Amino acid sequence: MQQEDIWDAETAERYDTPGVGMFAPEVLEPTVDRLAELAGEGRALEFAIGTGRVAVPLAERGVPVTGIELSTPMIDQLRAKVDEATIPVIAGDMATATAPGKYTLVYLVFNTISNLLTQAEQVACFRNAARHLLPGGRFVIELWVPELRKLPTGQQAVVFQSEPGYIGLDTYDIVRQHVVSHHFTFDASKEARLFRSPHRYIWPSELDLMAQLAGFELESRHADWSGADFTAESRSHVSVYRIPPGDQLPEVDRPR
C-alpha cells in the first residue's frame with residue numbers, strides 16, 4: 001500500500017466528520033489551544049496538513065499556517081475551505097519537501113509520522129522539521145504508544161476500538177516494526193466498509209533518539225493535548241522537541 005493510493009479522492013471526500021470523532025470540539029479545541037501557545041507570535045508549519053482539520057481553526061486563531069501534503073485530493077478538500085493565500089500548501093513528502101521561510105513551530109498530529117514506513121524516512125522527517133525552524137523553535141508530535149503488551153504469544157491482532165457501527169483492528173509485524181490499521185464501519189445492512197492504512201510504530205525512546213540526531217532536545221511529554229501526565233498506561237503522547245536557542249544546524253542538515 002502506497003500513501004498516494006491510500007489517501008485518494010474517495011478517502012479525502014469521507015475524511016471530515018464535522019463535530020464528531022477527530023473533529024469533536026473536545027478533541028480539536030485542546031489541540032489548537034496548545035499549538036497556538038507553542039507558536040507564540042511566530043509562524044507554524046504542519047506536516048501532512050490533510051484537509052485542514054487542525055490548520056484551519058489554528059489559522060482562525062491568528063497563527064499564520066503553511067502546510068506540506070502528499071495527497072492532491074486531500075489538498076483539494078482543504079481548498080474547499082480556505083484559499084492558497086490563507087493557508088499555503090506545498091505538495092510533497094513531509095520527509096523531504098521544503099516550505100519557504102522559517103517557523104517557530106512545526107507539528108505533526110494524529111500519528112502521522114508513523115505513515116513513513118522506514119526508520120530512515122522518520123529520521124529524515126525530524127531533520128526536515130529542524131531545517132525549517134528558527135533557533136529555539138519547536139517540533140510537536142502526537143503519536144500512539146504501540147500496544148504490544150496486549151499481544152499474547154502467537155497473536156498478531158489487537159482490537160483498539162469497538163463501538164456501534166465501528167471496529168478498529170491493528171495487525172502487527174513485530175519483526176519489521178510495522179502495523180496495519182483496519183477500520184471497519186457498518187450499519188444495519190449486510191455490507192461493511194473497510195479502510196486500511198500501514199504504519200511503522202515508534203517507541204517514545206526511539207522517537208527521542210531520532211530527535212537527538214536532528215539536533216532537538218525533548219522539552220515535554222504529556223498523555224494528551226490538555227497536559228495530562230504521561231504514564232506507563234498512557235495510550236498516546238504529545239511530545240514537544242526544541243532546537244536549543246542560538247544553535248545552528250550542521251552544514252550537512254541545511255537545505256541545499
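Please read these numbers as outputs of a predicted model, since none were measured by experiment.

Participant: What is the right way to look at the nonpolar core in this model?
Facilitator: Generally speaking, a soluble globular protein has its nonpolar side chains buried in company with each other. Among the nonpolar cores identified, the biggest contains 35 residues, and Phe 47, Ile 113, Cys 125, Phe 126, Phe 139, Ile 141 and Phe 216 are the most heavily contacted of them. Elements represented by at least two residues in this core include exactly β1 (44-47), β4 (103-108), α6 (119-132), β5 (133-144) and α7 (204-213). Not counting residues up to four positions away in its chain, the partners in contact with Cys 125 are Phe 47, Met 94, Ala 95, Leu 108, Ile 113, Leu 116 and Phe 139. Core analysis: the second largest hydrophobic core is formed by 26 residues, Leu 28, Val 89, Leu 105 and Trp 225 among them.

Participant: What is the right way to read the sheet that holds strand β8 (residues 178-186) from this model?
Facilitator: Strands belonging to one sheet form pairs held by backbone hydrogen bonds; the direction of such a pair is parallel or antiparallel. Spatial ordering of the open sheet is given by β6-β7-β8-β9, a layout of 4 strands whose pairing is antiparallel. Each edge of the open sheet is held by one strand with a lone partner, namely β6 (157-163) and β9 (192-200). For this sheet, the mean angle separating the axes of adjacent strands, direction not counted, is 15°. Here 8 bridges tie strand β7 (residues 166-173) to β8, and the two strands are oriented antiparallel to one another. Across the sheet, residue Tyr 172 finds its bridge partner in β8, namely Val 179.

Participant: What exactly am I supposed to notice about the environment of Phe 230 here?
Facilitator: Locating Phe 230 in the fold gives a position in the loop between β10 (217-222) and β11 (236-242). Phe 230 sits in the partly exposed class, given a relative accessible area of 30%. The spacing of Phe 230 and Leu 207 is 23 residues in sequence and 15 Å in space, taken between C-alpha atoms. If near-sequence neighbours (up to four positions away) are discounted, Phe 230 is found in contact with Val 145, Pro 204, Arg 221, His 222, Ala 223, Ser 236 and His 237.

Scoring rules and cut-offs
Residues numbered from 1 in each chain as written. Predicted model: local features only at pLDDT ≥ 70, side-chain atom pairs only at ≥ 80, totals over all residues. Heavy atoms only, no water. Core = buried A, V, L, I, M, F, W, Y, C linked by side-chain atoms within 4.5 Å. Buried < 20%, exposed > 50% of the residue type's maximum accessible area, 1.4 Å probe, protein only. Helix = DSSP H or I, 4+ residues; strand = E, 2+ residues; numbered from the N terminus. Contact = heavy atoms within 4.5 Å. Pairing = 2+ DSSP bridges. Axes fitted to C-alpha atoms, helices over the stretch in contact; angles between N-to-C directions.

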